[in-house]
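Residues per chain are reported as follows:
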Amino acid sequence: QVQLVESGGGLVQPGGSLRLACKASGGIANAHTMGWFRHTPGSTREFGDFVAGITWSGVTWSGGRLKYGNSAKGRFTVSKDTDNSTLFLQMNSLEPDDTAVYSCYLDPTSGPRMWGQGTLVTVSS
């Protein structure tokens, strides 16, 4: 059973940076892709937005190994540490509109998407 545990959320001032991490455990060998979604506090993940994604284990998309949602382009960077089964999201130039619960996901080669519990990011002065 794969478990995804996010960390790194918190309160940050506008213009600041945060680095989120998602540690995967329990059989990540069949991971196809991993990434991040976000949803506003009080909403649910079903109404969230795609933030960023990265392929895993040599898989590639037609456009490469990275994807970004419109809100992330130019400000956020997704990366991975394959040896430690950890996904990262470096977020720079944060704005109040970036306030959200950020959830990590894993798409296996077969089977349903798996989710972490999420970590809250609050951008406020």
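So, here is what we can say about the structure in this document. Residue numbering note: each chain is counted from 1, following its sequence as written. A pLDDT threshold of at least 70 governs which residues receive local features in this predicted model, and a stricter bar of 80 or more applies before side-chain atom pairs are shown or counted, although totals over entire chains, interfaces and linings include all residues. Each side-chain value is worked out from all heavy atoms of the structure, with water and hydrogens disregarded.

For any two aromatic rings, the description comes down to two numbers: the centre-to-centre distance and the angle of the planes. Aromatic pairing here means that ring centres of Phe, Tyr or Trp (its six-membered ring) are within 6.5 Å. Orientation follows from the plane angle: under 30 degrees is stacked, over 60 is edge-to-face, and everything else is tilted. What the rule picks out here adds up to four aromatic pairs. A centroid spacing of 5.7 Å and a plane angle of 70° characterise the contact between phenylalanine 37 and tyrosine 105, whose relative ring orientation is edge-to-face. On the criterion of sequence distance, the pair formed by phenylalanine 37 in strand β4 (residues 31-39) and tyrosine 105 in strand β9 (residues 100-108) is long-range, its members being 68 residues apart. Assessed through its relative accessible area of 3%, tyrosine 105 is described here as buried. What links up through ring pairs into an aromatic cluster is the set Phe37, Phe50, Tyr105 and Trp115. A cation over a ring is seen here: lysine 80 above tryptophan 56, with NZ or CZ 5.1 Å from the ring centre. Consider the ring centre and the ring normal. A charge sits over the ring if Lys NZ or Arg CZ is within 6 Å of that centre and within 35 degrees of that normal. Seen from the ring of tyrosine 105, arginine 113 lies directly overhead, with NZ or CZ sitting 3.9 Å from the centre. Only DSSP runs of H or I reaching four residues or more are called helices, and only runs of E reaching two or more are called strands; each is numbered from the N terminus. The cut-offs for exposure are 20% and 50% of the maximum accessible area for each residue type, with area from a 1.4 Å probe on protein chains only; residues under the lower value are buried, those over the upper are exposed, and the others partly exposed.

The next subject is the pattern of salt bridges. Any Lys or Arg side-chain nitrogen found within 4 Å of a carboxyl oxygen on Asp or Glu counts as a salt bridge. On inspection of all chains with the given rule, the structure shows three salt bridges. A salt bridge links aspartate 107 to arginine 113, with the shortest nitrogen-to-oxygen separation between them at 2.7 Å. The class of aspartate 107 is buried, set by a relative accessible area of 17%. One connected set of salt bridges, linked through shared partners, spans Arg38, Arg75 and Asp98.

Attention shifts here to the state of the cysteines. Disulfide: a pair of cysteine sulfur atoms within 2.5 Å of each other. Applying the stated criterion across every chain, the model contains one disulfide. Through a disulfide, cysteine 22 is tied to cysteine 104; the S-S separation comes to 2.1 Å. Here the S-S torsion is close to -70°, and the disulfide linking cysteine 22 with cysteine 104 is therefore left-handed. Here cysteine 22 is found in strand β3 (residues 18-25), whereas its partner cysteine 104 is found in strand β9, with 82 residues between them in sequence.

Read these as spatial facts, not as claims about activity.
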